[in-house]
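Here are the chains, one letter per residue:
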Amino acid sequence: MTTTPFSIGKLFKYTILIVLALFFLMPIYVMLITSLKPFDEVSLATMWDLPSTLDFSSYVEAFEKLGPNFANSFYLAIPATILSALLGAMNGYVLSKWRFKGSETIFTLILFGMFIPYQSILIPMIQFLREVGLYNSIWGLILVHVVYGIPVTTLMFRNFYANIPDEMIESARIDGAGFIGIFRHIILPLSITGFVVVAIWQFTNIWNEFLFAVTITQSDQQPVMVALQNLSGSQIVQWNVQMAGALIAALPTLLVYIILGKYFVRGLLAGSVKG
Amino acid sequence: MEKRKKKKRSKDQWTAIAFLMPSVVLLFIFVYGFIGWTGYVSFSNWNSLVPDFSFAGLKNYLYLFGDFRFQADLRNMLFFTLLFIALIILLGLSLAVLIDKKIKGESIFRNIFFFPMALSFVVTGVVWQWILNPSTGINNFLKTFGIEPMWYTDTNILAGFRWGEIEFGLPVAIISVVIAAVWQLTGFALAMYLAGLRGIPDELREAARMDGASELRIYRKIILPQLRPITAAVIIMMAHISLKIFDLIYAMTGPGANFVTDMPGVYMFETTFRGNYYAQGAAIAIIMLLVVAIFIVPYLWNNRRADK
Amino acid sequence: MKKKLWMFAVLFFVAIVAAACNSDDASSDSEGGDKVEIFSWWTGAGEEAGLNALIEVFKEKHPDIEIENAAVAGGAGTNAKAVLASRMQGDDPPSTFQVHGGAELNESWVAADKMEPINDFYEEQGWMDKFPQDLIDLVSKDGDIYSVPVNIHRGNVIFYNKKVFEENGLEAPTTYEEFFAVADSLEAAGITPLALGDKEPWTATQIFENALLAVLGPDDYRGLWTGDVAFDDPRVKEAAEIFGQMLDYVNEDHASRNWQDATQLVANGEAGMTIMGDWAKGYLAHDLGLETNVDFGYIETPDTDGEFMVITDTFGLPKGIDNVEDTKKFLAVLGSVEGQDAFNPLKGSIPARVDADPEKYDQYGKDTMEDFKNSALTPSLAHGSAASEGFLTKANQAVNIFVTQRDVDQLVQALMDASSDL
């Protein structure tokens, strides 16, 4: 298609994109202006109005309360992301390149774990974690996120590795490389983009997860999403502080997307999307 | 020589299986062990704070299937899932096609569409609850065009007819929840399709163009079929989110008037932890898993066939 | 490529070490064991301040005992209840936890044999005549006392916009007849008569329970929960009809609002009245900066003069905790005049004790303290005091359906079915 600079099609295309972009930005606008209002100005009736004066006190208050929990979230999300990605890579490698009788069945069984409704297994899970002594610790929460992350990461890596030609593995094998050698020298170096995709997905999900966090950890162990909820009371919610807190709490995931967004698409392109 | 290679191979094969084992063991406990426990509870009489594992037969299941709220939940889940996935695919694909064409400011647009993915469902829920508030939200603008939808407070059921306890049809209120969910996750579909489009070799399009095929025809006959596996992956990722959806509903609308925006996940949480109906909650979980199986088994089966 | 691999390895190592360090801190923290862990869902502005003030009072008296404030927010206590239930089921109870007096305590944790009776403790502290007998009954089962009430909220209150009422020449209604007359005039003046925000259905249940109380009177209202009065009593139907009639006067977007959003409608004069527990006073006066008895007024819901719908937060002594003595010291502070007067003015509730200092409270507080002494106290259904949470969940569902469908017989039938659980 040879596009002339002023074609109607182009105008049409940009119009659609800009309209959609505005639609996508609308909620952000509401969050931003609400977070900059003093509490007595926050009401449904004035939700679209700009604040009369810029009031940053919500941010100060939210930051004071969320600050200590930020560290917890990093202690949680970074190891859990890396561990679940590594396990997923390992599983994906085995399930795509070292198939054996019944490996497809195992893959199916692993994948099914993705669909389990988490609310339903809270009670046995807490009892189990208490048995093994991991209840009320970040480690327990890491374990849970790693385990329930395995299905998704396995799926992504398996599809990713399916695109690596079997011949490469075969020739390495003839050169005498074993299971681990092939993984280290051939598969891992090819997986960087795969890791980016999986890491973004897992990091965001773990960072934003609330249900496990609130049930498995208590007070000073709690990640930032729980602290964010704790900004609101049982009866009165200060929406300005809540919105400021939500924006602060979303910063790390936001940065991940902005910095790695390009690689996200590139990583998907490298093959982890093929169903 | 031949023999040695074979032996090495089988030794490696065992290593491979050994590496798989930690995941398998963990999942066996955390998924199948806990599902087993849940299944066991669902057949018990444990419907108060005092655990009671006596056998109740199908009592909890029968109760649910005759229950107005649960019937409404199944209806809502069906329509939510269908609309949500259809819209995500449509919007994600269209955006990908638009952005793919080397436009100016690509990274800005991309980041705008990715941005909602960085937020948690709880935050999304609250913001959209405000925006779609029928008296103060976006209706402030729509009013000028003479339309004032009731959004998530609308209790109408489109094309409804009486079925069991409920009116079966599309609950209008569900559309609002779909909008919020689509807003949050379109970025994912966009990224997938963008990657897919860029993975299609230009030669393919060029060749078709040389043959005189129109742009539309190229998309229909060449591009879309190539994207089919991506669509399958998007469906499976989105289905697992939509079938379990909880935080978004909980923060945005709650169960809704006459349960027009209720979902099984919400019902299960409330009945278990607010009402202490542990066995009933467990039964809901098991039914949800069965519904999931209906979705996922054909996908997996298809996958396996394709692999062979 | 090698470099990248190394980066992975280093990252991985750092992550593990970071997590390990962190969890070391954690275990040394929680190994104290002697900490008194106070479990509640008080994390909001006023309530958190109240709890902290209470903890301060305790620290002054017992500087050697450590307190852990384990508050879990969200869903009006639902998240906290989920966490609590999981911990109690797993035999890991907190030292003491927040629970509404009445069925939420008696029909659940006491019935499950998870609570220690504290009659002797009450005698020891000399509390038997410091709390109203009706209230002690609310935290007792079969003659044993199980928890210490810290505050009282009132559930049967109408808050109304005084200016709107003055402009339209209206008086606050005391009977349902007057209520509907006022509602008609407001409607004629283009003002929403009754603001409702039933995004969470308990707000609608609260209107219904006040109608039940009005029609049945305190004795028979209590009888509903003890089984002495059946739900097919014609008066229950009458109350349901009044409830349905009231729903004709609510704002159209009620399902999209929570109680705060509904209260705002009264505050800015778009609506005339709202029926809400008296935490709404704290919201109107404190957060919206309105003046009590100038901008907004309050009166008990129609036909419930001399009756007091009680919502009380209490703390008990779970079985199986290892620091019973320290926890009792905390409960002693919680039940003391000093403790209650530190907590309640901030929380916006009134003290559960009848001998607290009224001077520490605002006019609304003083009035309510007076009413509290002289009224028949009845347990609130909507807040878990009247009936088990199982019944409440079913009742909330039935009310939610009723708000849309308005089928009185269906509501009564649903309550009948659910009452088999009582």
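Residues numbered from 1 in each chain as written. Chains lettered and ligands numbered in written order. Predicted model: local features only at pLDDT ≥ 70, side-chain atom pairs only at ≥ 80, totals over all residues.

Novice: How do you make sense of the overall build of chain A when you look at a structure like this?
Specialist: For chain A, the count of helices and strands is 11 helices and 0 strands. In sequence order, chain A lays out its α and β elements as α-α-α-α-α-α-α-α-α-α-α. Structurally, chain A occupies a C-alpha span of about 75 × 70 × 30 Å along its principal axes. A buried classification covers 59% of the 275 residues belonging to chain A. (Helix = DSSP H or I, 4+ residues; strand = E, 2+ residues; numbered from the N terminus. Buried ≥ 20, exposed ≤ 12 C-beta atoms within 10 Å, placed from the backbone.)

Novice: Quick question: what am I supposed to make of unusual backbone geometry here?
Specialist: With the exception of glycine, most residues fall at negative phi, and the peptide bonds are largely trans. All names here are of chain C. With a phi close to 70°, N293 is a non-glycine residue in the positive phi region. In this fold, N293 is placed in the loop between α12 (279-287) and β10 (296-300). A positive phi angle is found at D303, which is not glycine, with a value near 60°. According to the C-beta neighbour criterion, D303 is buried, with 21 such atoms within 10 Å.

Novice: Where do I start with the sheet that holds strand β8 (residues 192-195) of chain C in this structure?
Specialist: Backbone-to-backbone hydrogen bonds pair the strands of a sheet. The strands run either parallel or antiparallel. All names here are of chain C. Spatial ordering of the open sheet is given by β8-β9-β7-β10, a layout of 4 strands whose pairing is mixed. Pairing within the sheet leaves two strands with one partner each, and these edge strands are β8 and β10. Adjacent strand axes in the sheet meet at a mean angle of 25°, parallel and antiparallel pairs treated alike. Two elements, β8 and strand β9 (residues 271-275), share 3 bridges in a ladder whose sense is parallel. Note on β9: the bridge partner recorded for L194 is M273. In the packing of helix α11 (residues 259-267) onto the sheet, the strands contacted are β7 (157-161), β8, β9 and β10, and the crossing angle to β9 comes to about 140°. (Pairing = 2+ DSSP bridges. Axes fitted to C-alpha atoms, helices over the stretch in contact; angles between N-to-C directions. Contact = placed C-beta atoms within 7 Å.)

Novice: Mind showing me how you'd approach the interface of chain C and chain B here?
Specialist: The figure often quoted for interface size is the accessible area lost as the parts come together. Residue-level contacts link 22 residues of chain C with 25 residues of chain B. Contributions of two or more residues to the side of chain C that touches chain B are made by α3 (78-89), α4 (103-110) and α16 (389-405) of chain C. With 9 residues, the single largest contributor to the side of chain C that touches chain B is α16 of chain C. Residues that form the side of chain C that touches chain B fall into these classes: 8 nonpolar, 9 polar and 5 charged. (Nonpolar A, V, L, I, M, F, W, Y, C, P; charged D, E, K, R; others polar.)

Novice: Would you mind showing me how to read helix α17 (residues 408-419) of chain C here?
Specialist: Three- or four-residue spacings in an α-helix give side chains the same orientation, since the helix completes a turn every 3.6 residues. All names here are of chain C. In this model α17 runs 16 Å from its N-terminal to its C-terminal C-alpha over 12 residues, within 8% of the 16 Å that 1.5 Å per residue would give. Taken as a whole, α17 has its buried residues at L411, V412, A414, L415 and A418. Take α17 and look down its axis: the buried residues cluster within an arc of 160°, on one side only. Facing away from the buried side of α17 by over 90 degrees, the exposed positions are D409 and D417. Considering only its buried residues, α17 is in contact with α10 (234-247) and α16. (Expected span 1.5 Å × (residues − 1). Arc of directions from axis to C-beta.)

Novice: What am I meant to see in the nonpolar core here?
Specialist: In summary, soluble globular proteins display a tendency toward joint burial of nonpolar side chains. V177 and V234 of chain B together with F159 of chain C are the most contacted members of the largest nonpolar core, which has 319 residues in total. With 18 residues, the top contributor of residues to this core is helix α7 (residues 172-199) of chain B. Each of two domains, domain 1 (30-153 + 311-374) and domain 2 (157-309 + 381-419) of chain C, supplies a minimum of three residues to this core. If near-sequence neighbours (up to four positions away) are discounted, V177 of chain B is found in contact with F80, Y152, L248, I249, M252, T253 and T261 of chain B. (Core = buried A, V, L, I, M, F, W, Y, C linked by C-beta atoms within 7 Å. Domains from an automatic or database assignment.)

Novice: Got a minute to help me understand the interface of chain A and chain B in this structure?
Specialist: If you look at the interface, chain A gives 62 residues, while chain B gives 71 residues. When residues of the side of chain A that touches chain B are traced back to their parent elements, those giving at least two are α1 (8-35), α2 (57-97), α3 (103-112), α4 (122-131), α5 (138-162), α7 (179-190), α8 (192-208) and α11 (239-272) of chain A.

Novice: What is the right way to read the packing of helix α3 (residues 68-100) of chain B against helix α10 (residues 228-244) of chain B from this model?
Specialist: Residues and elements named next belong to chain B. Contact geometry for α3 and α10: axes closest at 10 Å, N-to-C directions at 140°. The angle between α3 and α10 falls in the class oblique. Regarding α3 and α10, the two cross each other, and that crossing is right-handed. In this structure, α3 uses M77, F80, T81, F84, I85, I88, I89 and G92 to contact α10, whose residues at the interface are T231, V234, I235, M238, A239, S242 and L243. Grouping the constituent residues of the contact of α3 with α10 by class yields 11 nonpolar, 4 polar and no charged. (Parallel < 35°, antiparallel > 145°, perpendicular 65-115°, else oblique. Left-handed = near helix turned anticlockwise from the far one by under 90°.)

Novice: Honestly, the domain arrangement of chain C in this entry has me stumped. Any pointers?
Specialist: Residues and elements named next belong to chain C. Partitioning chain C into structural domains gives domain 1 (30-153 + 311-374) and domain 2 (157-309 + 381-419). For domain 1 versus domain 2, the separation of C-alpha centres amounts to 27 Å. Taken together, the 19 residues of domain 1 in the interface contact 18 residues of domain 2. Among the secondary structure elements, those contributing two or more residues to the side of domain 1 that touches domain 2 are α4 and α15 (363-374). The dominant element in the side of domain 1 that touches domain 2, judged by the number of residues it contributes, is α15, at 5 residues. Per-class residue counts for the side of domain 1 that touches domain 2 are 6 nonpolar, 9 polar and 4 charged.

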